[in-house]
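Each chain, written out:
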Amino acid sequence: MQQNYKGELALFALSPEYRGLGIGKMLFRCLLAYMESRSISDFYLYTDTSCNFGFYEHQGMVRQQQYKHLVHMKGQKGELEFYLYDMAV
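Scope of this entry: the structure provided in the associated data block. These figures come from a predicted structure and were not determined experimentally.

Moving on, we get to the layout of surface pockets. In this model, the largest pocket occupies a volume close to 460 Å³. Taken together, 23 residues make up the lining of the largest pocket; nearest its centre are Phe-12, Leu-14, Asn-52, Phe-55 and Tyr-56. Elements represented by at least two residues in the lining of the largest pocket include exactly α1 (23–37), β2 (42–48) and α2 (54–58). Looking at the lining of the largest pocket, its residues break down into 15 nonpolar, six polar and two charged.

Turning our attention to the pattern of salt bridges. With the rule as written, the count across this model stands at two salt bridges. Where Glu-57 meets Arg-63, a salt bridge forms, and the shortest distance between an N and an O atom there is 2.7 Å. For Arg-63, a relative accessible area of 29% puts it in the partly exposed group. Its salt-bridge partner being Lys-68, residue Glu-79 comes within 4.0 Å of it at the nearest N-O pair. One end of the pair, Glu-79, is in strand β4 (residues 76–88); the other, Lys-68, is in strand β3 (residues 62–73), with eleven residues separating them in the sequence. Among the residues examined, Lys-68 registers a relative accessible area of 54% and is labelled exposed.

By the criterion of burial, β2 is predominantly enclosed, with six of the seven residues buried. Of the pairings in the sheet, the one linking β2 to β4 comprises seven bridges and is antiparallel in character. Its bridge partner being in β4, Phe-43 is matched across the sheet by Met-87.

Conventions used here
Residues numbered from 1 in each chain as written. Predicted model: local features only at pLDDT ≥ 70, side-chain atom pairs only at ≥ 80, totals over all residues. Heavy atoms only, no water. 1 Å grid on protein atoms, 1.4 Å probe; cavity = no way out; pocket = protein on both sides within 12 Å on 5 of 7 lines; lining within 4 Å. Points joined across faces, edges and corners; volume = space filled by probe spheres on them. Helix = DSSP H or I, 4+ residues; strand = E, 2+ residues; numbered from the N terminus. Nonpolar A, V, L, I, M, F, W, Y, C, P; charged D, E, K, R; others polar. Salt bridge = Lys/Arg side-chain N within 4 Å of Asp/Glu carboxyl O. Buried < 20%, exposed > 50% of the residue type's maximum accessible area, 1.4 Å probe, protein only. Pairing = 2+ DSSP bridges.

Geometric descriptors of this kind do not, in isolation, establish any biological role.
In structure tokens:
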């Protein structure tokens, strides 16, 4: 079943030196308030294992899909897992 989301979170990044200070959580709450003010009822984001994907789970987002992909970076082969998360506002 294909989901037609009202919103998308395209980029959410915080420098590692500022993690654990509650800044990401505060920014995420601001995002939710913004979406609610714009009548955006749900949204999605894509992320992967190279990012802090656990953050989204701690904020209540739900992983809907995942897949593994072989990547080549800087002359090395590796495997990344990609995730689709969503959330109702």
